[in-house]
Amino acid sequence: MKIVRLILIILISYSFVFTADAQFRRRSENKTVTYEEMYNDPYDINKLFIGITPAYGDIHVTNITSGFGLDATYYLKDKMHFKAHARTPYFIGSDFARNSAQKNGFDPQSRSRTYFFAEASASYHIWDKEQESESLIPLYSKNYQGAEWAAKVPKRAPIPNKRREILFARLGGVYYETTSELSRAIASQGVVVNPVGETEESPNSITGENEEAVFGNVLGAGVSVGGGFTWIKNFAAKPDKTYEELVDDHVFSTFMDLFIFPMVNVENFFHQPTGATQFFEYDASTINTFLFGGRIGIDGHFNRTLGWGYGAEIGVRPGLEKRGFYGLLKITFPMYGTKLDYNVEAFGR
C-alpha cells in the first residue's frame, strides 16, 4: 500500500512539473512583432502643458498639508523651458497647524495664515541632444478587453527609438506662508519670547518649559538655484493586428536645487498664557530662522493632449531654525498640452 501511494505521489509531482514547464515554455517562446512606425521625434512635443494638481501631500516639520494646485510648463524650442507651480490646502482640516491653532484658542486679533506655496523658474539648456535609445513596451492584445486583462501578464518588446537628453541649469523664485506651531521651535532653540515692550523674562514669557502649544505665522521668500537632467521620448508605432499601438512619450526629469531665502519672517503673535486673564502680543524676533536650504526630486508627465503627471521631492526649506525638513508628493491630472502651432499649409491650384 505504501508503495502504491509513493508511486501516485511521484506521478502527480511529475505531472505537475511537466505541466508547469510546458506552460513556462509556451510563455517564454519568443514572438516576432512587426510594426509600422507612426512617429519618432522627441523634439516634436507639446510646447505648453497646463495641469491641475488634484492631490498633493506636503509633510513639513512646521506644518503638514494636503490639497490642490496648478502646474504649467513651457518649452522654448531647444534653448530654455519655464515652469510655474502653486498649491494650497483643500480646507482648514487639511492644513494641520492652522486647524490646531483655531482649536487651541488662536486670538482673533492675529490672522492664522492659510498655507500657500508658489514657485516659478526659468531653465537654460546647457546641452540638448538626441540619442539612439530603446523602450521596453508592454504588448497588449486586442483579443482581451476590460476585466480579462486582470489575469494577464503582458509581454514586453524592446522597441528602438530616439531619446532627447537635456542638461539644464535653472533659476527660480519661491514664496510661501503658513501657520506653524512655534512652541516646538522655541523649545528646540532654547530661546525666550517676551511680550512686546518687555526686555526681561517675566511670568508671561514663553520658553521651552511651557507646556501649552503656541502658534504663529511664518513667511518665506527667496530664490532657488540649481539644475537637473531631462529625458524625453516621443515614439509611437502601429503593430500587426494582434496588439494595440505601441507608445512611449514620457518626459522625465531629476533635479537638485539650493534655496536662498533672504526674507524669512516670523510674525508677532497673540497668546494667553496659562493663568493669565488676557492675550498678550509677543515679539517673535527672538525666534531664530535660517536662509539656506536645498532639495532633490523628480517630476514627469506624458506628451498627450489629456494625460497626467507626477512629482516628488525631499529637502530642507528655509524657515524656522531646526524645523526645515520636508517631503512632497503630488499628482497632476488631467494635463492639457498643445504645440501652440496654428499654421495651416496652403497650396495654389
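Residues numbered from 1 in each chain as written. Predicted model: local features only at pLDDT ≥ 70, side-chain atom pairs only at ≥ 80, totals over all residues. Heavy atoms only, no water.

(A) Focus on the overall build of the protein chain. Scanning the protein chain from N- to C-terminus turns up 3 helices and 17 strands. By the burial criterion, 42% of the 349 residues in the protein chain qualify as buried. Across the protein chain, contacts joining residues at least 24 apart in sequence account for 74% of those joining residues at least 6 apart. Summed over its atoms, the accessible surface of the protein chain is roughly 19800 Å², and 59% of this surface lies on carbon and sulfur atoms. (Helix = DSSP H or I, 4+ residues; strand = E, 2+ residues; numbered from the N terminus. Buried < 20%, exposed > 50% of the residue type's maximum accessible area, 1.4 Å probe, protein only. Contact = heavy atoms within 4.5 Å. Areas by Shrake-Rupley, 256 points an atom, 1.4 Å probe, with all protein chains shown as cover.)

(B) Geometry of the layout of surface pockets. Looking at the second largest pocket, its volume works out to about 210 Å³. Lining the second largest pocket are 14 residues, with V61, T62, N63, A97 and E181 positioned closest to its centre. Those elements giving two or more residues to the lining of the second largest pocket turn out to be β2 (48–60), β3 (63–76), α2 (96–103) and β6 (155–181). Looking at the lining of the second largest pocket residue by residue, the class counts come to 6 nonpolar, 5 polar and 3 charged. (1 Å grid on protein atoms, 1.4 Å probe; cavity = no way out; pocket = protein on both sides within 12 Å on 5 of 7 lines; lining within 4 Å. Points joined across faces, edges and corners; volume = space filled by probe spheres on them. Nonpolar A, V, L, I, M, F, W, Y, C, P; charged D, E, K, R; others polar.)

(C) A look at the confidence of the model for the protein chain. In this model, the protein chain carries an average pLDDT of 84, and 82% of its residues clear a pLDDT of 70 or more. Confidence over residues 14–29 falls short of pLDDT 50; this stretch has 2 contacts with residues more than four positions distant or in other chains. This stretch, residues 342–349, has a pLDDT under 50; its non-local contacts, to residues over four places away or in other chains, come to 0 contacts. (pLDDT = per-residue confidence, 0-100.)

(D) The nonpolar core, seen in detail. The biggest cluster of nonpolar side chains holds 25 residues, and the ones touching the most others in it are L182, F269 and I287. Ranked by residue count, the leading element in this core is strand β10 (residues 250–266), at 4 residues. Those residues in contact with I287, other than ones at most four positions away along the chain, are L182, I186, Q189, V193, V266, F269 and L320. (Core = buried A, V, L, I, M, F, W, Y, C linked by side-chain atoms within 4.5 Å.)

(E) Examining empty space enclosed by the protein more closely. For the structure on display, the rule yields 2 cavities of 30 Å³ or more. Taken as a whole, the largest cavity spans an internal volume of roughly 350 Å³. Lining the largest cavity are 29 residues, with D71, K83, H85, D299 and K330 positioned closest to its centre. Elements that contribute at least two residues to the lining of the largest cavity include exactly β2, β3, β4 (80–89), β5 (116–139), β14 (292–302), β15 (306–316) and β17 (325–338). A volume near 80 Å³ is recorded for the second largest cavity. Considering the residues around the second largest cavity, the lining is formed by T73, Y75, H81, K83, F168, R170, T230, V251, S253, F255, D299 and H301. Looking at the lining of the second largest cavity, the elements that each hand over two or more residues are β3, β4, β6, β10 and β14. Broken down by element, the lining of the second largest cavity gets its largest block of residues, 3 residues, from β10.

(F) Just the environment of I52, in detail. The topology assignment puts I52 in strand β2. Remark: the alpha-carbon pair of I52 and G309, spanning 257 residues in sequence, is separated by 9.7 Å.

(G) Spotlight on the packing of aromatic side chains. The tally for this structure, following the rule as stated, stands at 11 aromatic pairs. Measuring from ring centre to ring centre gives 5.4 Å for F269 and Y282, while their planes differ by 10°; the resulting arrangement is stacked. Of this pair, F269 sits in strand β11 (residues 269–271) while Y282 sits in strand β12 (residues 280–282), placing them 13 residues apart in sequence. For Y282, a relative accessible area of 0% corresponds to the buried category. Members of the aromatic cluster, joined through ring pairs, are W127, F229, W231 and F252. For the cation-ring pair, R87 lies above F117, with the distance from its terminal atom to the ring centre recorded as 4.1 Å. (Phe/Tyr/Trp six-rings, centres within 6.5 Å; stacked < 30°, edge-to-face > 60°. Lys NZ or Arg CZ within 6 Å of the ring centre and 35° of its normal.)

(H) Expanded view of the environment of A213. Position of A213 relative to the elements: it lies in the loop between α3 (182–189) and β7 (215–232). Between the alpha carbons of A213 and H271 there is a distance of 9.6 Å; along the sequence they are 58 residues apart. In this structure, A213 is in contact with E181, S183 and H271, ignoring residues within four places of it in sequence.

(I) Here's a closer look at the sheet that holds strand β1 (residues 35–40). Read from one edge of the open sheet, 3 strands run β1-β8-β9, paired in antiparallel fashion. Taken across any chain shown, the strands that pair with only one partner, and hence form the sheet edges, are β1 and β9 (246–248). Within the sheet, the average angular offset between the axes of one strand and its neighbour, ignoring direction, is 15°. Strand direction decides the pairing type here: β1 and strand β8 (residues 235–239), joined by 5 bridges, are antiparallel. Pairing of E37 across the sheet is with A237, part of β8. (Pairing = 2+ DSSP bridges. Axes fitted to C-alpha atoms, helices over the stretch in contact; angles between N-to-C directions.)

(J) Inspection of α2 at higher detail. Taken together, the buried positions of α2 are A97, R98, N99 and A101. For α2, the secondary structure elements touched by its buried residues are β3, β6 and β7.

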